[in-house]
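# Summary of structural features
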Amino acid sequence: MPKYLWRVSYFPEGAHGLLAEGGTARQAAITEMVESVGGQVESCYFAFGEDDLFVIGDVPDDVAAAALAIRTAAAGAAVSHTVRLLTPAQVDEAVALDVTYRPPT
């Protein structure tokens, strides 16, 4: 199953919800959302800086990942940036492919 990193930044409304519910409740809600599309959460960390939350997990495919991003955006409490992650073995496969490339001149 593909692995993803979600970088999340809260809008004021989302931050107010986090203040009201706490981090554990938010993690449970995120886990429920990811599981609802057939995925699983590997880790969930809150942070400070440009991003407020990092979630790593697996979902069946890019369509499921897009569904999560669309639902998050539609709720209006946060913005989520989805990053598709690759294993070292997948990178080995990628570098072994014969690719025709000409750099711009």
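About the thresholds
- Along each chain, residue indices are assigned from 1 in the same order as the chain's sequence is written.
- Per-residue local features of the predicted model are confined to residues with pLDDT of at least 70, and side-chain atom pairs are confined, for both listing and counting, to 80 or more; whole-chain, interface and lining totals are unaffected and use all residues.
- The basis for the side-chain values is all heavy atoms of the structure; hydrogens and waters are excluded.
- Only DSSP runs of H or I with at least four residues qualify as helices, and only runs of E with at least two residues qualify as strands; both kinds are numbered from the N terminus onward.
- Only C-alpha atoms enter the radius of gyration, while the globule expectation follows 2.2 Å times N to the 0.38, with N the number of residues.
- Whether two residues are in contact is decided by their heavy atoms: any pair within 4.5 Å suffices.
- For accessible areas, the Shrake-Rupley method is used with a probe of radius 1.4 Å. Any residue's cover is judged against the shown protein chains and nothing else.
- Counted charges follow a simple rule, with Lys and Arg positive, Asp and Glu negative, and His plus the chain ends left uncounted.
- In plain terms, the charge of a residue is placed at NZ if it is Lys, CZ if Arg, CG if Asp and CD if Glu.
- The working definition used for a salt bridge is a side-chain nitrogen of Lys or Arg within 4 Å of a carboxyl oxygen of Asp or Glu.
- For every residue, the accessible area obtained with a 1.4 Å probe (protein chains only) is divided by the maximum for its type, and the residue is called buried under 20%, exposed over 50%, and partly exposed between those limits.
- For Phe, Tyr and Trp, rings pair up if their centres lie within 6.5 Å, where Trp contributes its six-membered ring, and each pair is then called stacked (planes under 30 degrees apart), edge-to-face (over 60) or tilted (otherwise).
- Note on geometry: a ring has a charge over it if NZ (lysine) or CZ (arginine) is within 6 Å of the ring centre and within 35 degrees of the ring normal.

## Considering the overall build of the protein chain
- Scanning the protein chain from N- to C-terminus turns up four helices and four strands.
- Scanning the protein chain from its N terminus toward the C terminus, one meets helices and strands in the order β-α-α-β-β-α-β-α.
- Taking 13 Å as the expected radius of gyration for a compact globule of 105 residues, we find that the protein chain reaches 17 Å, considerably beyond that expectation.
- Along the longest, intermediate and shortest principal axes, the C-alpha atoms of the protein chain span 55 × 35 × 25 Å.
- Relative to all contacts within the protein chain whose residues are 6 or more apart in sequence, the contacts with residues 24 or more apart total 65%.
- Just so you have it, the protein chain exposes about 7,200 Å², and 60% of that area is on carbon and sulfur atoms.
- Distance between charge centres in the protein chain, computed from 6 positive and 14 negative side chains, equals 5 Å.

## Some thoughts on the pattern of salt bridges
- Tallying each qualifying case throughout the model produces four salt bridges.
- When the shortest N-O distance is used, the salt bridge between Arg7 and Asp51 registers 3.0 Å. One end of the pair, Arg7, is in strand 1 (residues 3-10); the other, Asp51, is in the loop between strand 2 (40-46) and strand 3 (53-58), and 44 residues separate them in sequence.
- Given a relative accessible area of 24%, Arg7 falls into the partly exposed group.
- Classification of Asp51 by relative accessible area gives buried; the value is 9%.
- Among the ionic pairs, Glu21 bridges to Arg26, the shortest N-O distance being 3.9 Å.
- Several salt bridges converge on common partners, so that one network encompasses Lys3, Glu42 and Asp58.

## Some thoughts on the packing of aromatic side chains
- By the definition in use, this model includes one aromatic pair.
- Measuring from centroid to centroid gives 5.8 Å for Tyr4 and Trp6, while their planes differ by 25 degrees, and the two rings are stacked.
- Residue Trp6 is classed as buried on the basis of its relative accessible area of 6%.
- Directly above the aromatic system of Tyr4 lies the positively charged group of Arg84, at a separation of 5.7 Å from the ring centroid.

## Some details on the environment of His16
- Along the chain, His16 turns up in helix 1 (residues 12-21).
- His16 sits in the exposed class, given a relative accessible area of 55%.
- Spatially, the C-alpha atom of His16 lies 9.2 Å from that of Ala77, the residues being 61 residues apart in sequence.

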